[in-house]
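A structural walkthrough
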Amino acid sequence: METINYDYWSKVDLRVVEIKAAEPVEGSEKLLKLTISLGSEERQIVSGIAKSYTPESLIGRQVVIIANLEPRSLMGLESQGMLLAADSPDGPVILGPERLVAAGVKIK
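First things first, this report covers the structure right here in the doc. (Residues numbered from 1 in each chain as written. Predicted model: local features only at pLDDT ≥ 70, side-chain atom pairs only at ≥ 80, totals over all residues. Heavy atoms only, no water.)

1. Brief notes about the overall build of the chain
Counting its regular elements, the chain contains two helices and nine strands. Helices (α) and strands (β) of the chain occur, in sequence order from the N terminus, as α-β-β-β-α-β-β-β-β-β-β. Computed over C-alpha atoms, the radius of gyration of the chain comes to 14 Å, within 12% of the 13 Å expected from 2.2 N^0.38 for 108 residues, which places it in the range of a compact globule. Dimensions of the chain along its principal axes, counting C-alpha atoms only, are 40 × 30 × 30 Å. (Helix = DSSP H or I, 4+ residues; strand = E, 2+ residues; numbered from the N terminus. Rg over C-alpha atoms; globule rule 2.2 N^0.38 Å.)

This is the structure:
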């Protein structure tokens, strides 16, 4: 595994967000379109977690995202960040805080 220096790492903006809405992406078996709240703003993230999570199970849940990732288009939808998930044999396991915190809190 390649190592990175602290200056590189400090550029990554990890935030806790709340999922406000979730829906399947038409034409995809893997993608969900998520509307997330960073407290002061809402964004859209497209994530490949549909085989492990139903949209209903995600609403209100707090998760960790990379907030300053360059936007990317997936299936014609703009994704404005990346949800973090552990890679397990049973599929992705989304990461979130141990207890509730304010939406938008920066992870240090």
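2. Description of the nonpolar core
Membership of the largest hydrophobic core comes to 16 residues, with the highest contact counts inside it found for L34, I36 and L58. Contributions of two or more residues to this core are made by β1 (14–24), β2 (32–37) and β4 (62–66). Leaving out residues up to four positions away in the same chain, I36 has contacts with V17, E18, I19, K20, E41, E42, R43, I45 and I65. (Core = buried A, V, L, I, M, F, W, Y, C linked by side-chain atoms within 4.5 Å. Buried < 20%, exposed > 50% of the residue type's maximum accessible area, 1.4 Å probe, protein only. Contact = heavy atoms within 4.5 Å.)

3. A short note on a nonpolar patch on the surface
Taken together, the side chains of I4, Y6, Y8 and W9 present a nonpolar region at the surface, about 500 Å² in accessible area. By secondary structure assignment, the location of W9 is in helix α1 (residues 6–9). Residue W9 is classed as partly exposed on the basis of its relative accessible area of 38%. (Patch = residues over 30% accessible without salt bridge, like charges linked within 9 Å, V, L, I, M, F, W, Y side chains within 5 Å. Areas by Shrake-Rupley, 256 points an atom, 1.4 Å probe, with all protein chains shown as cover. Salt bridge = Lys/Arg side-chain N within 4 Å of Asp/Glu carboxyl O.)

4. Remarks on the pairing of β1
Of the strand pairs in this sheet, β1 and β4 are connected by five bridges, and their pairing is antiparallel. Note on β4: the bridge partner recorded for V16 is V64. Strand direction decides the pairing type here: β1 and β2, joined by six bridges, are antiparallel. What sits directly across from I19, in β2, is I36. (Pairing = 2+ DSSP bridges.)

5. Section: the pairing of strand β8 (residues 85–88)
Pairing between β8 and strand β9 (residues 91–94): four bridges, direction antiparallel. Pairing of A86 across the sheet is with V93, part of β9.

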